[in-house]
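# Per-entry structural report
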Number of protein chains: 2
Amino acid sequence: MPEYTFLDLVNAKRLGHAHTGDEIDFIVKSVMNGSVDDCVVTAWLMAACCNGMTVEETTALTAGMAHSGTVLDFKNETRPVVDKHSTGGVGDKTTLVLVPLLAACGAMVPKLSGRALEHTGGTLDKLEAIPDFTSELSMDRFVAQVREIGAAIASPTADLAPADAKLYSLRNRTGTVDSVHIGTGSVMCKKIAGGASFILLDVKCGNGAFMQTKKRAREIATMMIAVGRALERKTKAVITNMDQPLGNAVGNALEVAEAIEVLSGGGPADLKELCLVLGALTLISTNLARGEHDARQKLGEALKSGAALTKFRQMVVAQGGDPRVIDNPSLLPQAAYRSIIRLPNPRGQWWVKTIDAKEIGLIAKQLAAQSGSEHASAGVVLHAKVGKRLREGDKLATIYGACAEDCESKAARLLQAFHFSEWTVRKPRLVLDVVE
Amino acid sequence: MPEYTFLDLVNAKRLGHAHTGDEIDFIVKSVMNGSVDDCVVTAWLMAACCNGMTVEETTALTAGMAHSGTVLDFKNETRPVVDKHSTGGVGDKTTLVLVPLLAACGAMVPKLSGRALEHTGGTLDKLEAIPDFTSELSMDRFVAQVREIGAAIASPTADLAPADAKLYSLRNRTGTVDSVHIGTGSVMCKKIAGGASFILLDVKCGNGAFMQTKKRAREIATMMIAVGRALERKTKAVITNMDQPLGNAVGNALEVAEAIEVLSGGGPADLKELCLVLGALTLISTNLARGEHDARQKLGEALKSGAALTKFRQMVVAQGGDPRVIDNPSLLPQAAYRSIIRLPNPRGQWWVKTIDAKEIGLIAKQLAAQSGSEHASAGVVLHAKVGKRLREGDKLATIYGACAEDCESKAARLLQAFHFSEWTVRKPRLVLDVVE
């Protein structure tokens, strides 16, 4: 029995003191065994939000939560075990591309993903647009699939980092989500429990991300890397621009179709480039490639040869989905109505100056939720991104909805999410920083 | 309906933003009508502890809590209505002296007091050592008694500042008590609801107080004064030394006996002096005296003439207590056993250097709680205070307990609460600062 109570630790954190590793373990154990009132745990959470935690405390919290349940083990594998995490953005379907692409290049990618949160989509929601695809795998089946084909994307089961699940639910209802330290613990504990030996973090930054500023994105990237290294996992982070949606498609089925395009060697330039940047960094870091040139060549070959698409197909089949959508995306859910938005500005030429990513995300979400049920087919496809030159009447975007009213009611809002300039606008930088 | 939710306000306070008066009102109302989960309220409390509040926020919180229930009204009175508050210390029985003393000098003193907290005693617990004395008055009876004899000391009823009671209970179990701002609100809302026009604050500072440093004491005194003035109550504060117990007696019945001594013109010098300082400040501030000299003369006369003791007697009678204890303190509960502690140091002369007030308070509390029930008779009486010169075998203190073992078991601890010097030690300053 420790000489302190949970309340002593609340008081210490209120005063800004750092906990020892044993004290953090005591906190995680108390949360797990339910010996402490939720209000007292909330008091600690808020004190930690306000006064922060050291790298050592965050590391102990991460390890404690990771070991509060099952920890997956790929230790007898010679292939590197890779996990990739995005902090969330609008139109971010890189996971759908990268998991099969990296598997095709020799990595094992056991990817435990999440659901849609606020204005951002969820990888599992997107994949479930594929008829009969299931994200709910037992951890045994998940591990077996990864060993067999190198790739799986599923929902974490209840016995994976359960302390984090308990704390997250409390954080979510008490306004204590926004903490670099507890947030780092929450992300990293699932990577540790998921068995990764290399962790790649895509920290999104900008209007459509949860981190609005580069400073804040850098702060969380640095903390995650420090914790990953302290727990002996090779960890790297890329800070990427989320001021406009990534790629063109926003919406579950639309994004699956776009991911398939990229896996087939096509797709929007920005999405493809980000997949190559993240992929190359992974291949180099795990010694699957000798350098940038070699890595890009291997990735390009996997796309060109169809190897990446084959991995995707194997994964879809293994998880019960209909693989015919891969060759015929029209078998994905199709929206009943669509409406094209065009540039209304008269005379001369215009450039797209900004596209409000968060607003596009919210519009897509509302389209999907309308008419009383979830429509995987709904969403928005952009035909013009920032920096594109346009003339009157050129297409800006297409709205996909369950009925004509849904589409029409969003048209004005969608148009207002675009801002134009009479002068040339340069394409924005996609990769803002690499943090190692 | 406001445009924000309680959770929005939690997030704002987490980020260190200040609330508007309307937002604070919304918080108080939400606490009162139970529309918000205790965990969410706790999150707000901790954010306010960590990030603080402005004077305007603290004032709004004080007013909101004061008006969450009954507000006493002495408006048609010509006598000034005085409230005195001590932040709590060991051996602090000034309220027992000051309430009748100020009433004898022409003030009305409706005093709503509290119970023992941690190592400090409670005014109500002390008074209830008088046989049959009751602290539980209806607010109508309380007001009537104050109008009639000028003095009453009672427990606040449940309809007095109920929002504070709700918040305090939550703060107490979640480690969110220690906040200058919410603490100020908690004290001042009861003064406002109690109907005072002049508020005198005795902010204790030192080892036996809740504020350990003068800086912290000054901080809370300044905030209380700012809030009092913003709510149009004349407010003054005195910061006083609580590094050793006040007076000689620590323990409920022992302290009543000592208060009666002071009201009879005798008593320990430090206790008497503090009563005169606080009393003079009150009489001057309420225009009951023209200056320090006049005030001291009036207070001295009230003690010498027996007028103050008469007020005390009237108050005891009005609240059902046995007034015979006033002339014959041996009618107060008497401890079955007592044990005298003497200076063990051999040869030469010694000076008392420090007396650990908190430890004395804890010893007295444990003596009272021993043998399975509360013993109002138990406690400690000091025979030597800081600065006193002693020789081997001189008396330091007497322990009063329910049985011989209780007394003996505390003897060594009590002795260790004293520290001695071979060199002269000056008497410590009692009044450290007056904040106006």
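Structure first, text after, so check above.
So, a few notes on the structure that sits alongside this text. Just so you know, these numbers come straight off a predicted model, no measurement behind them. (Residues numbered from 1 in each chain as written. Chains lettered and ligands numbered in written order. Predicted model: local features only at pLDDT ≥ 70, side-chain atom pairs only at ≥ 80, totals over all residues. Heavy atoms only, no water.)

The number of helices and strands found in chain A is 17 helices and 13 strands. Here chain A has a C-alpha radius of gyration of 22 Å; the compact-globule value for 436 residues is 22 Å, and the two agree. Counting only C-alpha atoms and orienting by the principal axes, one finds that chain A spans roughly 75 × 45 × 40 Å. In chain A, which comprises 436 residues, the share counted as buried stands at 58%. Contacts spanning at least 24 positions in sequence make up 78% of the contacts within chain A whose residues lie at least 6 apart. For chain A, the computed accessible surface area is about 17400 Å², with 51% contributed by carbon and sulfur atoms. A gap of 6 Å separates the mean positions of the 50 positive and 48 negative side-chain charges of chain A. (Helix = DSSP H or I, 4+ residues; strand = E, 2+ residues; numbered from the N terminus. Rg over C-alpha atoms; globule rule 2.2 N^0.38 Å. Buried < 20%, exposed > 50% of the residue type's maximum accessible area, 1.4 Å probe, protein only. Contact = heavy atoms within 4.5 Å. Areas by Shrake-Rupley, 256 points an atom, 1.4 Å probe, with all protein chains shown as cover. Lys, Arg positive; Asp, Glu negative; His and termini not counted. Charge placed at Lys NZ, Arg CZ, Asp CG, Glu CD.)

This part covers the interface of chain A and chain B. Each side of the interface is counted separately: chain A has 21 residues, and chain B has 21 residues. Interface of chain A and chain B: buried area, both sides summed, is about 1600 Å²; carbon and sulfur atoms make up 66% of it. Taken as a group, A:Arg14, A:Cys39 and A:Met46 account for 34% of the area that chain A buries against chain B, more than any other trio of residues on that side. One can count 4 salt bridges joining chain A with chain B. One salt bridge in this structure joins A:Asp178 and B:Arg14, with 3.4 Å as the shortest N-O distance. On inspection of chain A and its partner chain B, the count reaches 6 residue pairs in polar contact (both at pLDDT 80 or more). Of all the secondary-structure elements, those providing two or more residues to the side of chain A that touches chain B are helix 1 (6-14), helix 3 (38-51) and helix 8 (162-174) of chain A. The biggest single contributor to the side of chain A that touches chain B is helix 3 of chain A, with 10 residues. When grouped by side-chain class, the residues that make up the side of chain A that touches chain B number 10 nonpolar, 6 polar and 5 charged. (Buried area = accessible area lost by both parts, 1.4 Å probe. Salt bridge = Lys/Arg side-chain N within 4 Å of Asp/Glu carboxyl O. Polar contact = N/O pair within 3.5 Å; in protein donor to acceptor, adjacent residues only side chain to side chain. Nonpolar A, V, L, I, M, F, W, Y, C, P; charged D, E, K, R; others polar.)

Once that is clear, we can look at the packing of aromatic side chains. On inspection of all chains with the given rule, the structure shows 4 aromatic pairs over all chains. Relative to A:Phe26, the ring of A:Tyr4 lies with its centre 5.3 Å away and its plane at 85°, an arrangement referred to as edge-to-face. One end of the pair, A:Tyr4, is in the segment before helix 1; the other, A:Phe26, is in helix 2 (residues 21-33), and 22 residues separate them in sequence. Taking the centre distance of 6.1 Å and the plane angle of 5° together, the rings of B:Phe418 and B:Phe420 count as stacked. B:Phe420 matches B:Phe418 in its accessibility class, with the two residues each being buried. (Phe/Tyr/Trp six-rings, centres within 6.5 Å; stacked < 30°, edge-to-face > 60°.)

By the definition in use, this model includes 56 salt bridges over all chains. For A:Arg216, the salt bridge goes to A:Asp178, with nearest N and O atoms at 2.8 Å. With a gap of 38 residues between them, A:Arg216 in helix 10 (residues 214-230) and A:Asp178 in the loop between helix 8 and helix 9 (180-193) connect regions that are remote in the sequence. The salt bridge partner of B:Asp294 is B:Lys298, with a shortest N-O separation of 3.1 Å.

Moving on, we come to the sheet that holds strand 4 (residues 198-205) of chain B. Residue and element names in this part refer to chain B. What the 4 strands build is an open sheet, ordered 1-4-5-13; its pairing is mixed. Bordering the open sheet on either side are strand 1 (82-86) and strand 13 (431-435), each of which pairs with just one other strand. Between one strand axis and the next, the sheet turns through 15° on average, direction left out of account. Inspection of the sheet shows strand 5 (residues 234-241) paired to strand 13 by 4 bridges, in the antiparallel sense. Counted as the bridge partner of Val 238 is Val 434 from strand 13. Along the sheet face, helix 10 (residues 214-230) touches strand 4, strand 5 and strand 13 and points at about 170° away from the line of strand 5. (Pairing = 2+ DSSP bridges. Axes fitted to C-alpha atoms, helices over the stretch in contact; angles between N-to-C directions.)

Quick look at the environment of B:Tyr4 now. Residues and elements named next belong to chain B. By relative accessible area, which is 21% here, Tyr 4 ends up partly exposed. Remark: the alpha-carbon pair of Tyr 4 and Glu 23, spanning 19 residues in sequence, is separated by 8.7 Å. Excluding anything up to four places from it in sequence, Tyr 4 contacts Leu 9, Asp 22, Glu 23 and Phe 26.

Of the transformation superimposing chain A on chain B, the axial component is 0.0 Å and the angular component is 180°, with the fit at an RMSD of 0.0 Å. The transformation just described matches what one would write down for a two-fold rotation axis. Considering only C-alpha atoms, the part of chain A nearest the rotation axis is A:Cys39, at 2.2 Å. When you check the interface residues of chain A against chain B, 100% turn up at the interface there too, and the contact is symmetric in its surfaces. (Least-squares fit on C-alpha atoms with pLDDT ≥ 70 in both.)

This paragraph deals with the sheet that holds strand 9 (residues 379-382) of chain A. Sheets are built from strands that pair by backbone hydrogen bonding, the pairs being arranged parallel or antiparallel. Residue and element names in this part refer to chain A. Pairing within the open sheet is antiparallel, and its 4 strands lie in the order 6-9-11-7. If you trace the sheet from one side to the other, it starts and ends with strand 6 (249-250) and strand 7 (337-342), each paired once. Against the sheet, helix 16 (residues 357-369) touches strand 6, strand 9 and strand 11 (395-401), its axis set at about 140° to strand 9. Together, strand 7, strand 9 and strand 11 form the strand contacts of helix 17 (residues 404-416), whose direction differs from that of strand 7 by roughly 20°.

The next point concerns the nonpolar core. In this structure, A:Trp44 and B:Trp44 are the most contacted members of the largest nonpolar core, which totals 103 residues. The greatest single-element share of this core, amounting to 11 residues, is contributed by helix 3 of chain A. Sequence-distant contacts of B:Trp44, defined by excluding residues within four places in its chain, comprise B:Phe6, B:Leu9, B:Val10, B:Lys13, B:His19, B:Ile27, B:Met53 and B:Ile182. (Core = buried A, V, L, I, M, F, W, Y, C linked by side-chain atoms within 4.5 Å.)

Moving on, we come to the side chain of A:Lys13. Relative to the assigned elements, A:Lys13 resides in helix 1. Residues in contact with A:Lys13, not counting those within four places in the same chain, are A:Ala18, A:His19, A:Trp44, A:Ala47, A:Ala48, A:Asn51, A:Gly52, A:Met53 and A:Glu57.

A separate point is helix 4 (residues 55-66) of chain A. All names here are of chain A. Taking 1.5 Å of rise per residue, 12 residues should cover 16 Å, and helix 4 covers 16 Å from first to last C-alpha, within 8% of that figure. Of all 12 residues that make up helix 4, 9 are buried, and the element is covered over most of its length. Tucked into the core, helix 4 has its buried residues touching helix 1, helix 2, helix 8, helix 9 and helix 10. (Expected span 1.5 Å × (residues − 1).)

Turning next to helix 11 (residues 252-263) of chain B. All names here are of chain B. Taking 1.5 Å of rise per residue, the 12 residues of helix 11 would be expected to cover 16 Å, and the 17 Å separating its terminal C-alpha atoms lies within 8% of that figure. Of all 12 residues in helix 11, 10 are buried; the element is thus mostly enclosed. Buried residues of helix 11: Asn 252, Ala 253, Leu 254, Glu 255, Val 256, Glu 258, Ala 259, Ile 260, Val 262 and Leu 263, and no others. Where helix 11 terminates, the next one or two residues include Gly 265, which has phi positive at roughly 100°.

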